[in-house]
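Notes for the structure review
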Amino acid sequence: GAVVSQHPSRVICKSGTSVKIECRSLDFQATTMFWYRQFPKQSLMLMATSNEGSKATYEQGVEKDKFLINHASLTLSTLTVTSAHPEDSSFYICSATDTGLATGELFFGEGSRLTVL
Amino acid sequence: GENVEQHPSTLSVQEGDSAVIKCTYSDSASNYFPWYKQELGKRPQLIIDIRSNVGEKKDQRIAVTLNKTAKHFSLHITETQPEDSAVYFCAATRRSNDYKLSFGAGTTVTVRA
């Protein structure tokens, strides 16, 4: 099946620094990718929809300037957490659909656990 | 937007027994309902899905039922095994919404040996 790769899997950073997380669709093209945030023992909360070649669509309550999303190609979307603070520590997961299949099935990346000290 | 509610939040079953998780959704236009299994620290894995044009789908020990009129769908796991222990999420979406999933809150299933 389709594979989505996310990198890094774990990152620890100091407060005030920025962290970039990459999400790649390895064997299919994805015009749309989704970024989720998951707190311990909670559900996946959609942060934004990443659209190739255009601006991301953010969910209500998600700061655009805080969580920068870039979807420069059909296989890569990046999430940059700017000026990270301890409350940004979380598990971030991306997902993508195979545009060519248009079945709706989502393929998830491995997730990135961010710890801000 | 879509609102998905999931029950129960935790479920403990004896090995070999069945487990049932129920979800309701609010958007009558939703037409795709996947179920995901997530182990601790891992990515969600699709275990089964159903579309609005069918009422039931089965894959070995896992089955999903859909009642469009009542707007609810359920996951059934039969002959549970310890490796079925995980968090299960239901979700709902529609193609016209770019398949943007709305997830339920999750059910932590524990299978007792």
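Residues numbered from 1 in each chain as written. Chains lettered and ligands numbered in written order. Predicted model: local features only at pLDDT ≥ 70, side-chain atom pairs only at ≥ 80, totals over all residues. Heavy atoms only, no water.

**Side note on the pairing of strand β4 (residues 32–38) of chain B**
Residue and element names in this part refer to chain B. Counted only if it meets this: Using a 1.4 Å probe on the protein chains alone, a residue whose accessible area is under 20% of its type maximum counts as buried, one over 50% counts as exposed, and one in between counts as partly exposed. Runs of H or I in DSSP of at least four residues are treated as helices and runs of E of at least two as strands, each being numbered from the N terminus. Two strands pair if DSSP finds at least two bridges between them.
In terms of burial, β4 is a largely internal element, 7 of the 7 residues being buried. Where burial is concerned, the two faces of β4 agree: the one with Tyr32, Pro34, Tyr36 and Gln38 and the one with Phe33, Trp35 and Lys37 are both buried. Looking at chain direction, β4 and strand β5 (residues 45–51) are connected through 6 bridges and run antiparallel. Counted as the bridge partner of Tyr32 is Arg51 from β5. Hairpin connection, β4 to β5: the antiparallel pair is bridged by 6 residues, and Gly41 has positive phi, about 75 degrees. Relative to strand β9 (residues 86–92), β4 runs antiparallel, the two being bridged by 4 bridges. Looking at β9, one finds that Trp35 is bridged to Cys90.

**Comments concerning the interface of chain B and chain A**
Rules: The contact criterion used is simple: two residues touch if any of their non-hydrogen atoms lie within 4.5 Å. Computed with a 1.4 Å rolling probe, the buried area is the accessible surface lost when two parts are put together, summed over both parts. The working definition used for a salt bridge is a side-chain nitrogen of Lys or Arg within 4 Å of a carboxyl oxygen of Asp or Glu. Within 3.5 Å is the distance limit for a polar contact, defined as a pair of N or O atoms, with the added protein rule that one can donate a hydrogen and the other accept it, and that residues adjacent in sequence qualify only through two side-chain atoms. Gly counts as polar in this scheme, as do all residues outside two lists: the nonpolar Ala, Val, Leu, Ile, Met, Phe, Trp, Tyr, Cys and Pro, and the charged Asp, Glu, Lys and Arg.
Of the residues lining the interface, 18 residues belong to chain B; the matching set on chain A comes to 21 residues. Across the chain B/chain A interface, buried area totals approximately 1,600 Å², and carbon plus sulfur atoms make up 57% of it. Counting across the interface, chain B meets chain A through 2 salt bridges. The partner of B:Lys100 in a salt bridge is A:Glu59, with the nearest N and O atoms 3.2 Å apart. Scanning the region where chain B abuts chain A turns up 5 residue pairs in polar contact (both at pLDDT 80 or more). Elements represented by at least two residues in the side of chain B that touches chain A include exactly β4 and β5 of chain B. If you tally residues by element for the side of chain B that touches chain A, the top one is β4(B), at 3 residues. Each residue belonging to the side of chain B that touches chain A can be placed in one class, and the counts come to 9 nonpolar, 3 polar and 6 charged.

**Observations concerning the state of the cysteines**
Filter applied, for reference: Only a pair of cysteine sulfur atoms within 2.5 Å counts as a disulfide in this structure description.
Counted by the stated rule, this structure contains 2 disulfides over all chains. Disulfide partner of A:Cys23: A:Cys94, at an S-S distance of 2.0 Å. Where A:Cys23 bonds to A:Cys94 through sulfur, the torsion about that S-S bond is close to 80 degrees, and the disulfide is right-handed. Remark: A:Cys94 occurs in strand β9 (residues 90–97) and A:Cys23 occurs in strand β3 (residues 19–25); sequence separation between them is 71 residues. Side by side, A:Cys23 and A:Cys94 carry an identical accessibility label, which is buried. Across the disulfide from B:Cys23 sits B:Cys90; the S-S distance is 2.0 Å. Every disulfide takes its handedness from the sign of the S-S torsion; for B:Cys23 and B:Cys90 that torsion is -100 degrees, giving left-handed.

**Quick look at the pattern of salt bridges**
Residues and elements named next belong to chain B. Applying the stated criterion to the full structure yields 8 salt bridges over all chains. Note that Lys37 is salt-bridged to Glu39, the shortest N-O span being 4.0 Å. For Glu39, a relative accessible area of 37% translates into the label partly exposed.

**Focus on the packing of aromatic side chains**
Just so we agree on the cut-off: Between the rings of Phe, Tyr and Trp (Trp by its six-membered ring), a pair exists once the centres lie within 6.5 Å; its type follows the angle of the planes, with under 30 degrees stacked, over 60 edge-to-face, and the other angles tilted.
For the coordinates displayed, the defined rule picks out 12 aromatic pairs over all chains. Measuring from ring centre to ring centre gives 6.3 Å for A:Phe67 and A:Tyr92, while their planes differ by 45 degrees; the resulting arrangement is tilted. Of the two residues, A:Phe67 sits in strand β7 (residues 67–73) while A:Tyr92 sits in strand β9, which places them 25 residues apart along the sequence. Pair check on accessibility: A:Phe67 and A:Tyr92 agree, each one buried. Judged by centre distance (5.9 Å) and plane angle (50 degrees), the ring pair of B:Tyr36 and B:Phe103 falls under tilted. With B:Tyr36 in strand β4 and B:Phe103 in strand β10 (residues 102–103), this residue pair connects regions lying 67 residues apart in the sequence. In this structure, B:Tyr36 and B:Phe103 share a single accessibility class: buried. Counting every residue linked through ring pairs, the aromatic cluster contains A:Tyr36, A:Phe108, B:Tyr36, B:Phe89 and B:Phe103.

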